[in-house]
Amino acid sequence: MHPKRILQTSSYYPKKGVSVILTIAALLSMVVVFSFRPEGSSITSKKPPFTQKDSIASKKAFLKVYAVLMSPRCMNCHPAGDIPLQGEDSHLHLQGVKRGPDGKGIYALKCANCHQSHNLPGLHMPPGNPKWGLPPANMPMVFQGRSAHQLAGQLLDKKRNGRKSIKALIDHITKDTLVLAGWYPAQGLAKPPLSHREFVKAFNEWISKGAVSP
Amino acid sequence: MIGNSQDLTINKKKYKADVSPDMPLLWFLRDIVGLTGTKFGCGMAQCGACTVHLDGEAVRSCVTPVSRAIGKKIVTIEGLSENGDHPLQQAWAEVNVPQCGYCQSGQIMSAAVLLQEKPNPTDSDIDDALSGNICRCGTYLRVRQAIHTAANIQKSSVSNAS
């Protein structure tokens, strides 16, 4: 058979009329797709910061995060003053312990003088963690007394959040053993209102949906 | 059991620690070694009567497991000075600080850390350092006075030596 004849009859190559129709259809579909792109977004932007921006869902997620951060297990070590807090009522630390420059206490009252690397058994025994302490004096990262709006803003501000990027912030709340210690409280102390898994999920949702402050 | 290879160094002497690793250091000091100058108060790190030095820090020995002290330098009130003449001990006698005396070894051990870190403490420094050492007799004003006296003794002994 002549090669030209083979080409014309091959099912791999559409006839001229069909290819024109397909080209028009492809162009129309591109027009439709681009007409529905989100307002304000740029097709050429390399890294959109938030993949599914939704301010209502973001705020709602942060309120869950806020409930955890303001629970005694988190807030007690993020006091407004230089004295840590204790117990379910977040009273001032009974021994009059003070933050000190590095957050580890001062003189004869350093955190590790009583707090061991682990919880001790029994009611009213000191809870423990190898990193037990407050944020340092030059970056106190106060939770106590902050509104949800204020705390959300603080968490996103590198000048007030321990110089953490969003990624470092997520790593911190996901993996830091001192954060996780909140979910392994000493005997007689309550856990935060969400599980750690739910907390991390809510935190990620807050960020991914726009990191919007309530 | 910790095992024979583990030693505790207390007041410059070595002791075998063939005890449970979670035994409170206070138990080891008092019941095994016989150093009874360190007192049992509350057993939960709230009163400071059991304060000893662990590598220079004023730890509460009633909640410190023996395992934490392995390889570290422990000093009790008996080892604070060779002849009982540490500036704080001299000042304590001079000011006649103790009433019942039960909390005094803890007070002195905490004050010793303060003087190491702040040789000329203010009243506020003293309060910050010793507010965790509770005295049921209320000797706080004499404690404060004695620490100032000790700071002066320490200062003059340093200047005499140099």
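In what follows, the structure referred to is the one given above.
Residues numbered from 1 in each chain as written. Chains lettered and ligands numbered in written order. Predicted model: local features only at pLDDT ≥ 70, side-chain atom pairs only at ≥ 80, totals over all residues.

**Section: the sheet that holds strand β2 (residues 13–16) of chain B**
Residue and element names in this part refer to chain B. With respect to topology, 5 strands assemble into an open sheet ordered β2-β1-β5-β3-β4, the strand pairing being mixed. If you trace the sheet from one side to the other, it starts and ends with β2 and β4 (57–60), each paired once. On average, each strand axis in the sheet is inclined to that of its neighbour by 40°, with strand direction left out of account. Pairing geometry for strand β1 (residues 7–10) and β2, over 4 bridges, is antiparallel. Within β2, the residue paired with Ile10 across the bridge is Lys13. Relative to strand β3 (residues 51–54), helix α4 (residues 104–117) is tilted by about 35°, and along the sheet it contacts β3 and β4. (Pairing = 2+ DSSP bridges. Helix = DSSP H or I, 4+ residues; strand = E, 2+ residues; numbered from the N terminus. Axes fitted to C-alpha atoms, helices over the stretch in contact; angles between N-to-C directions. Contact = placed C-beta atoms within 7 Å.)

**Let's talk about α4 of chain B**
Residue and element names in this part refer to chain B. With 14 residues, α4 extends 20 Å from end C-alpha to end C-alpha; this agrees with the ideal 20 Å at 1.5 Å per step. Across the 14 residues that make up α4, a large majority, 12, are buried. Taken as a whole, α4 has its buried residues at Gln104, Ser105, Gly106, Gln107, Ile108, Met109, Ser110, Ala111, Ala112, Val113, Leu114 and Leu115. Taken together, the buried residues of α4 touch β3, β4, α3 (87–95), α5 (123–130) and α6 (140–161). (Expected span 1.5 Å × (residues − 1). Buried ≥ 20, exposed ≤ 12 C-beta atoms within 10 Å, placed from the backbone.)

**Considerations on the packing of α3 of chain B against α6 of chain B**
Residues and elements named next belong to chain B. Where α3 meets α6, the closest approach of the two axes is 8 Å, and the angle between their N-to-C directions is 130°. When the axes of α3 and α6 are compared, the pair comes out oblique. Between α3 and α6 lies a crossing whose hand is right-handed. Here Pro87, Leu88, Gln90, Ala91, Trp92, Glu94 and Val95 of α3 come into contact with α6, specifically with Arg142, Gln145, Ala146, Thr149, Ala150, Ile153, Gln154 and Ser157. A per-class count over the contact of α3 with α6 returns 8 nonpolar, 5 polar and 2 charged. (Parallel < 35°, antiparallel > 145°, perpendicular 65-115°, else oblique. Left-handed = near helix turned anticlockwise from the far one by under 90°. Nonpolar A, V, L, I, M, F, W, Y, C, P; charged D, E, K, R; others polar.)

**Things to note about unusual backbone geometry**
Of note in the backbone geometry, Met141 of chain A takes a positive phi value of approximately 45° without being a glycine. For Met141 of chain A, the position within the fold is in the loop between β4 (109–110) and α5 (148–156). Since 17 C-beta atoms lie within 10 Å of it, Met141 of chain A is described here as partly exposed. Unlike most non-glycine residues, Asn11 of chain B shows phi in positive territory, near 50°.

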